[in-house]
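# Coordinates in review
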Amino acid sequence: MFDSLSDRLGGVFDKLRGRGALKEQDVRDAMREVRIALLEADVALPVVRRFVDQVTEKAVGQSVLRSVTPGQQVVKIVNDALVEMLGGDTTPELDLNAAPPVVIMMVGLQGSGKTTSTAKIAKLLKEKHGKKAMMASLDVNRPAAQEQLKVLGEQVDVATLPIIPGQQPTEIATRALQAAKLQAIDVLLLDTAGRLHVDQQLMDEMKAVAAISNPRETLLVVDSLTGQDAVNVAQSFSGEVDLTGVVLTRMDGDARGGAALSMRAVTGKPIKFAGIGEKADAIEVFHPGRVAGRILG
Ligand code: GDP
């Protein structure tokens, strides 16, 4: 991910750095290339415009152009703007400050990587944060979904709620909360049902589950390979439920980067985790600063 964007930007900045003195026109020329690189990376157009305008305004200032190292200063301005675009300086932590069992509700479309991400986060909470976690699948639409979570639970050694066939999602959520209380679980992860498209039935089901379980975190799982669609899906979901963050999966793939770069600006929601593979530990906390560093090389 970001490889071709990184190459393109690297080329632009090498030229800038190589010049010594910079004129306003040099900066404007470079920004035109940055604009094209971002659009080719599938970043949303309004986001690109805002980015280029902000960076240009700062970079053509006299204090930059007259400085000893103008090229480097421009690169720093771009870096800071990229960090901002990716979500800002601070790494968004999971908010677990509530009476246990703290509920994390996982939502998303089918195939986005929701069930896998649920197990990955449960493993992370157990191993990195010392939390006692439990997972429950509320997906009664896809026959194998509950089994899939059970198998993943065995792999990562995290308890899953025993399956009772025929129960509705809200009944499963109620049972999961009771079980979590009885077993002194710290964090309960609810893997809600996916759908092929965003539809009203799905949204109503999510709201009903949220009303019962009062989630501290509602994480939307989206596939970075779907680019702008991922951002559109996030917008649809955030209009319906109170999302607290996004998990962007398949960051190990060859996505161009548009989803990661547009998500915060378009939806206002922070990317909290990046899925970077199929294995249970292939997940990273999303650090905007590090990701910007990777893009700028
Ligand atoms: P769900 O329908 O949203 O629950 O999707 P699943 O969790 O079943 O994931 C669908 C497929 O995507 C599975 O084969 C996962 O192994 C795979 N997958 C999930 N996350 C990632 C990721 O970050 N990287 C890669 N390469 N594959 C992933």
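Residues numbered from 1 in each chain as written. Predicted model: local features only at pLDDT ≥ 70, side-chain atom pairs only at ≥ 80, totals over all residues. Heavy atoms only, no water.

An unreviewed UniProt entry lists the protein under the name Signal recognition particle protein, from Novosphingobium endophyticum. Quoted straight from UniProt, the Catalytic activity (unreviewed entry) entry for the protein says "GTP + H2O = GDP + phosphate + H(+)". Reading the Subunit (unreviewed entry) entry of the UniProt record for the protein gives the comment "Part of the signal recognition particle protein translocation system, which is composed of SRP and FtsY. SRP is a ribonucleoprotein composed of Ffh and a 4.5S RNA molecule." (UniProt positions renumbered as here; feature names shortened; annotations may be inferred.)

### Structural notes on the overall build of the protein
Check the secondary structure of the protein and you find twelve helices and eight strands. Across its three principal directions, the C-alpha atoms of the protein cover 70 × 35 × 30 Å. Here the contacts in the protein between residues at least 6 apart in sequence split such that 76% fall between residues at least 24 apart. Each charge sign in the protein was given a centre, from 35 positive and 37 negative side chains, and these centres are 3 Å apart. (Helix = DSSP H or I, 4+ residues; strand = E, 2+ residues; numbered from the N terminus. Contact = heavy atoms within 4.5 Å. Lys, Arg positive; Asp, Glu negative; His and termini not counted. Charge placed at Lys NZ, Arg CZ, Asp CG, Glu CD.)

### What to know about helix H12 (residues 288–296)
Buried residues of H12: Pro288, Val291, Ala292, Ile295 and Leu296, and no others. When H12 is viewed along its axis, its buried side chains cluster within an angular range of 130° and face the same direction. Contacts from the buried residues of H12 go to helix H1 (3–17), helix H5 (70–85) and helix H11 (258–267). One or two steps after H12, the chain reaches Gly297, where phi turns positive at roughly 70°. (Buried < 20%, exposed > 50% of the residue type's maximum accessible area, 1.4 Å probe, protein only. Arc of directions from axis to C-beta.)

### So, the side chain of Thr118
Mapped onto the elements of the fold, Thr118 is located in helix H6 (residues 114–129). Beyond its immediate sequence surroundings of up to four residues, Thr118 is in contact with Met106, Met135, Leu149, Leu189 and Asp191.

### Some remarks on empty space enclosed by the protein
If you walk through the whole model with that rule in mind, you get one cavity of 30 Å³ or more. Considered as a void within the structure, the largest cavity measures approximately 70 Å³ in volume. Residue lining of the largest cavity: Met135, Ala136, Ser137, Gln146, Leu149, Lys150, Thr160, Leu161, Pro162, Ile163, Ile172 and Arg175, and that is the complete set. Elements that contribute at least two residues to the lining of the largest cavity include exactly strand S2 (133–137), helix H7 (145–156) and helix H8 (169–182). By residue class, the composition of the lining of the largest cavity is seven nonpolar, three polar and two charged. (1 Å grid on protein atoms, 1.4 Å probe; cavity = no way out; pocket = protein on both sides within 12 Å on 5 of 7 lines; lining within 4 Å. Points joined across faces, edges and corners; volume = space filled by probe spheres on them. Nonpolar A, V, L, I, M, F, W, Y, C, P; charged D, E, K, R; others polar.)

### Side note on the sheet that holds strand S5 (residues 217–223)
Across the sheet, which stays open at both edges, the eight strands sit in the order S3-S2-S4-S1-S5-S6-S7-S8 with mixed pairing between neighbours. Each edge of the sheet is formed by a strand with only one pairing partner; in this case those strands are strand S3 (159–160) and strand S8 (283–285). H7 contacts S2, S3 and strand S4 (187–191) of the sheet and is inclined by roughly 160° relative to S2. (Pairing = 2+ DSSP bridges. Axes fitted to C-alpha atoms, helices over the stretch in contact; angles between N-to-C directions.)

### Here we look at the environment of Val64
As for its placement among the helices and strands, Val64 is situated in helix H4 (residues 62–65). Classification of Val64 by relative accessible area gives buried; the value is 5%. Sequence spacing of Val64 and Leu22 is 42 residues, and the spatial spacing of their C-alpha atoms is 8.8 Å.

### Section: H6
For H6, which comprises 16 residues, the first-to-last C-alpha distance of 21 Å matches the rise-based estimate of 22 Å (1.5 Å per residue) to within 8%. One or two residues past the end of H6 sits Gly130, with phi positive at roughly 65°. (Expected span 1.5 Å × (residues − 1).)

### What to know about the site of the ligand
Around the ligand, 18 residues are found, and the nearest of them are Gly111, Lys114, Thr116, Arg250 and Asp252. Contact distances for the ligand include 2.9 Å between an oxygen atom and a backbone N or O atom of Gly113. A distance of 2.9 Å separates an oxygen atom of the ligand from a polar atom in the side chain of Gln148. When the ligand sits alone it has 590 Å² of accessible area, and the protein chains cover 81% of it. The element best represented in the shell around the ligand is H6, accounting for four residues. Its residues placed into classes, the shell around the ligand shows two nonpolar, ten polar and six charged. (Near = heavy atom within 4 Å. Polar contact = N/O pair within 3.5 Å; in protein donor to acceptor, adjacent residues only side chain to side chain. Areas by Shrake-Rupley, 256 points an atom, 1.4 Å probe, with all protein chains shown as cover.)

### So, the packing of H6 against H7
Any two packed helices are characterised by how steeply their axes cross, that is the angle between the axes, and by the distance between the axes. The contact between H6 and H7 brings their axes to 10 Å, and the two run at 30°. Accordingly, the angle class assigned to the pair H6 and H7 is roughly parallel. Classified by chirality, the crossing of H7 by H6 is right-handed. Contacts from Thr115, Thr116, Thr118, Ala119, Lys123 and Lys126 in H6 reach Gln148, Leu149, Leu152 and Val156 in H7. (Parallel < 35°, antiparallel > 145°, perpendicular 65-115°, else oblique. Left-handed = near helix turned anticlockwise from the far one by under 90°.)

### Regarding the confidence of the model for the protein
Should the pLDDT be low somewhere, the predicted coordinates at that spot are not to be read in detail. Looking at the protein as a whole, its pLDDT mean stands at 92, while 100% of the residues score no less than 70. Of the two predicted TM-score estimates for the complex, the pTM is 0.94 and the ipTM is 0.99. (pLDDT = per-residue confidence, 0-100.)

### Considerations on the pairing of strand S7 (residues 271–275)
Within S7, five of the five residues are buried, which leaves the element mostly enclosed by the surrounding structure. Where strand S6 (residues 245–249) lies against S7, three bridges are found, and the strand directions are parallel. Note that in S7 the partner of Leu248 across the bridge is Ala274. A crossover connection joins S6 to the parallel S7 through H11; in handedness this β-α-β unit is right-handed. Inspection of the sheet shows S7 paired to S8 by three bridges, in the antiparallel sense. Along S8, the bridge assignment pairs Phe273 with Val285. (Right-handed = clockwise from strand over helix to strand, strands pointing away.)

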